[in-house]
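Topology and contacts: notes
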Amino acid sequence: MNASSERVDHLLSRLGYCSRSEVRDLLCAGRVAVDGVPLSRPQSKVPPSSVTLDGAPLDHPEPLYILYHKPLGKVCAHDDARGIYADFPARWRLRRPCFASVGRLDKETSGLLLLTDDGDWLHRLIAPRFAVPRRYRVLLQSPLRGHETEQLASGTLLLEGEDSPCRPAELAVLGEQEVLLTLREGRYHEVRRIFAALGNAVVALHRESYADLTLAGLEPGAWRELTPAERP
């Protein structure tokens, strides 16, 4: 077997089909095969892409890389039946490593959300040292005062409860109460806290892009897989 082979009991449990102890029952029933040949030993090492269960290829044996349009009103919690994970195949919630969002958008925020079970990729997207840009469209409660662009670019804005200032951010003014804000770090409720620190409040918040990725016509609640070339 080649270097990409994996024990069949580990593979099926990792992908959420069953527990490792339940794999024997599947094998005894002749339901698991490689290239049409039934497997009998749980410890058999197999190429994941060649395995079938009941004659069908396994569901995404390689890591998942998903771009999702998060609707308003949904939370990024695994234990909430009304949250974002209800929009994906149920088996994905049983995968190991965990299928999880790259950061979170709160219930009142819509827009682009990435999800994966590749921990290294997730880390590269959220780690501050990589400074991956995220762009938000923000509707504000009050008109801008005129100092916001300069203050955000200076990298001196301090959020309540924190002792290190925000990284420099880019503000593009669309109107008196509407802006595009580009951040290169991900702090808790950062956009809302930034404008609170600037003496304003966020009325509506939508993430338009992450790195070079956009929603590109995806309706709220819809998702698609990223191609290898699209992965930041």
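Our structure is the block above this text.
Summarised in this report is the structure supplied together with it. Keep in mind it's a predicted model, so treat the numbers as computed, not measured.

How each quantity is defined
Residues numbered from 1 in each chain as written. Predicted model: local features only at pLDDT ≥ 70, side-chain atom pairs only at ≥ 80, totals over all residues. Heavy atoms only, no water. Core = buried A, V, L, I, M, F, W, Y, C linked by side-chain atoms within 4.5 Å. Buried < 20%, exposed > 50% of the residue type's maximum accessible area, 1.4 Å probe, protein only. Helix = DSSP H or I, 4+ residues; strand = E, 2+ residues; numbered from the N terminus. Contact = heavy atoms within 4.5 Å. Disulfide = S-S within 2.5 Å. Salt bridge = Lys/Arg side-chain N within 4 Å of Asp/Glu carboxyl O. Arc of directions from axis to C-beta. Polar contact = N/O pair within 3.5 Å; in protein donor to acceptor, adjacent residues only side chain to side chain.

Brief notes about the nonpolar core
Side chains of a nonpolar character, in soluble globular proteins, are inclined to be buried together. Counting 31 residues, the largest nonpolar core has Leu-115, Val-138, Leu-181, Val-191, Ile-194 and Phe-195 as the members making the most contacts within it. At the level of secondary structure, the elements contributing two or more residues to this core comprise β7 (65-70), β9 (109-116), β10 (134-140), β12 (178-183), α5 (190-197) and β13 (202-210). Those residues within four positions of Leu-115 in sequence are excluded, and the remaining contacts are Leu-64, Tyr-65, Ile-66, Tyr-68, Ile-84, Tyr-85, Phe-88, Phe-99, Ala-100, Ser-101, Val-102 and Trp-121.

Let's talk about the state of the cysteines
Using the criterion set out here, one finds 0 disulfides in the structure. No disulfide involves Cys-28; its sulfur sits 12 Å from that of Cys-18, the nearest cysteine. A relative accessible area of 72% means that Cys-28 is categorised as exposed.

What to know about the pattern of salt bridges
Taken as a whole and assessed by the stated rule, the structure comprises 17 salt bridges. For Arg-192, the salt bridge goes to Asp-106, with nearest N and O atoms at 3.0 Å. Placement of Arg-192 in helix α5 and of Asp-106 in the loop between β8 (100-101) and β9 is noted, with a sequence separation of 86 residues between them. Here Asp-106 falls in the partly exposed class, since its relative accessible area comes to 21%. One salt bridge in this structure joins Arg-224 and Glu-230, with 2.8 Å as the shortest N-O distance. Within the structure, one salt-bridge network assembled from shared partners comprises Arg-135, Arg-137, Glu-178 and Glu-208.

Some points on helix α3 (residues 119-126)
Among the residues of α3, Trp-121, Leu-122 and Leu-125 are the ones counted as buried. All buried residues of α3 project into a common sector of 100 degrees when viewed along the axis, lining one side. Buried residues belonging to α3 abut β7, β8, β9, β10 and β13. Capping the start of α3 is the job of one residue whose side-chain oxygen sits 3.1 Å from the backbone nitrogen of Asp-120: Asp-118.

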